[in-house]
Amino acid sequence: NESLIMKHLMPSNILSYFPADIYWTKIHNVNFFCTIDTRLRSFYFKIFHNAIAFNSFLFKIKRRDSPNCNFCNILPETIVHILCDCKIVSPIWKKIVDCIRCKHDPNFSLSSFSKLFGVVNDKYLSFLFLTLQYFIHICRFKDEKPHYDSYLSYLSTVNKTEYYLAKQKGKLPVHLKKWRFDLS
């Protein structure tokens, strides 16, 4: 049973964000096939398996002086906090949701679960969310606070890379279908 496996992989504080009926195979497929970038695929794998050490854990093993978030320095840095709820990243999520409502779906709403694991029936939105998570992760290591404009710049670079690869592989129509709207 996939639910039993999840209880062993994820800490209980993260499991509280999960809906009751989850089809993990479909979620994994969407996150794997939403990008051709192996770094993003590897990052998703690490997120899913809780294999990234955040400050709350590093503090417990005495590798950090504080469990608090690198960005806000107020709350403990956990996977959910830094990628979804931190007051520094929340405005970026809000702008993305506003853009999705304006350009794609006026009734779109976003849960912490969707922020972490994407939208099952939409590879592009899952891709946008995964790239934002990775961007936040990069900012954390650079000791820089993430900003929406910086994310758009990063996303533009990813788009150009994927365009080049799609053109090389003769999959340009798939690429253009995927990038159906931009966030700017």
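Within every chain, residues take consecutive numbers counted from 1 along the sequence as written. Local features in this predicted model are restricted to residues whose pLDDT is 70 or higher, and side-chain atom pairs enter the listing and the counts only when it is 80 or higher, whereas totals over whole chains, interfaces and linings include all residues. In computing side-chain properties, one takes all heavy atoms of the structure into account and sets aside hydrogens as well as water.

(A) Region of interest: the environment of Phe 135. Looking at the secondary structure, you find Phe 135 in helix 9 (residues 123-142). Any residue under 20% of the maximum accessible area for its type is buried, any over 50% is exposed, and the rest in between are partly exposed; the area is computed with a 1.4 Å probe on protein chains only. Owing to a relative accessible area of 7%, Phe 135 belongs among the buried residues under this scheme. On a C-alpha basis, the gap between Phe 135 and Leu 155 in space is 8.8 Å, while along the polypeptide they are 20 residues apart. The helix count covers DSSP runs of H or I at least four residues long, the strand count covers runs of E at least two residues long, and both are numbered beginning at the N terminus.

(B) View of the environment of Val 80. Checked against the element boundaries, Val 80 lands in helix 6 (residues 79-85). For Val 80, a relative accessible area of 4% translates into the label buried. Separated by 32 residues in sequence, Val 80 and Ser 112 place their C-alpha atoms 7.4 Å apart.

(C) Expanded view of the nonpolar core. Here the nonpolar core consists of buried residues drawn from Ala, Val, Leu, Ile, Met, Phe, Trp, Tyr and Cys, with membership extended through side-chain atoms lying within 4.5 Å. Grouped together as the largest cluster of nonpolar side chains are 53 residues, with contacts concentrated most on Phe 71, Ile 96, Phe 127, Leu 128, Phe 129, Tyr 151 and Leu 183. Going through the elements one at a time, helix 3 (24-33), helix 4 (38-48), helix 6, helix 7 (90-103), helix 8 (112-117), helix 9 and helix 10 (148-168) are the ones with two or more residues in this core. For this core, the element with the highest residue contribution is helix 9, accounting for 11 residues. Those residues within four positions of Ile 96 in sequence are excluded, and the remaining contacts are Phe 129, Leu 132, Tyr 148, Tyr 151 and Leu 183. The contact rule is simple, with two residues in contact once any of their heavy atoms fall within 4.5 Å.

(D) Broad picture of unusual backbone geometry. At Asn 50, a position not held by glycine, the phi torsion is positive, near 55°. Along the chain, Asn 50 falls in the loop between helix 4 and helix 5 (55-60). One non-glycine residue with positive phi stands out, namely Lys 62, at about 60°. The topology assignment puts Lys 62 in the loop between helix 5 and helix 6.

(E) Quick peek at the side chain of Lys 115. You can see Lys 115 is positioned in helix 8. For the purpose of counting charges, residues Lys and Arg are taken to be positive, whereas Asp and Glu are taken to be negative. His and the chain ends are not included. By definition, a salt bridge exists where a carboxyl oxygen of Asp or Glu is found within 4 Å of a side-chain nitrogen of Lys or Arg. An unpaired buried charge is present at Lys 115: no salt bridge exists, and Asp 85, the closest side chain of opposite charge, is 4.6 Å distant. In this structure, Lys 115 is in contact with Cys 84, Trp 93, Leu 110, Phe 129 and Gln 133, ignoring residues within four places of it in sequence.

(F) A look at helix 10. By this rule, a helix spans an expected 1.5 Å times one less than how many residues it contains. Between the first and last C-alpha of helix 10 there are 30 Å, a value that for 21 residues agrees with the 30 Å anticipated at 1.5 Å per step. All of the buried residues along helix 10 are Tyr 148, Tyr 151, Leu 152, Tyr 154, Leu 155, Val 158, Glu 162 and Ala 166. The buried side chains of helix 10 occupy one side of the element, clustering within an arc of 160° when seen end-on. Along helix 10, exposed side chains directed more than 90 degrees from the buried face belong to Asp 149, Lys 160, Tyr 164, Lys 167 and Gln 168. Looking at the buried residues of helix 10, the elements they touch are helix 4, helix 7, helix 9 and helix 11 (172-178). Within two residues after helix 10, Gly 170 carries a phi angle of roughly 70°, on the positive side. Here the arc refers to the directions that run from the helix axis out to each C-beta atom.

(G) Spatial organisation of the packing of helix 9 against helix 10. Lines fitted to C-alpha atoms define the axes here, with helix axes fitted over just the stretch in contact, and angles between the N-to-C directions of these axes take values from 0 to 180 degrees. Contact geometry for helix 9 and helix 10: axes closest at 10 Å, N-to-C directions at 120°. Considered as vectors, helix 9 and helix 10 are oriented oblique to each other. The two elements helix 9 and helix 10 meet at a crossing, and its hand is right-handed. Across the interface between the two elements, Phe 127, Leu 128, Thr 131, Leu 132, Tyr 134, Phe 135 and Ile 138 from helix 9 touch Ser 150, Tyr 151, Tyr 154, Leu 155, Val 158 and Glu 162 from helix 10. In these notes the angle categories are as follows: under 35 degrees is roughly parallel, over 145 is roughly antiparallel, 65 to 115 is roughly perpendicular, and the rest is oblique. Handedness of a crossing is defined here by the sense of rotation of the near helix relative to the far one, left-handed for an anticlockwise turn of less than a right angle and right-handed for a clockwise turn.

Function cannot be read off these values alone, since they describe shape.
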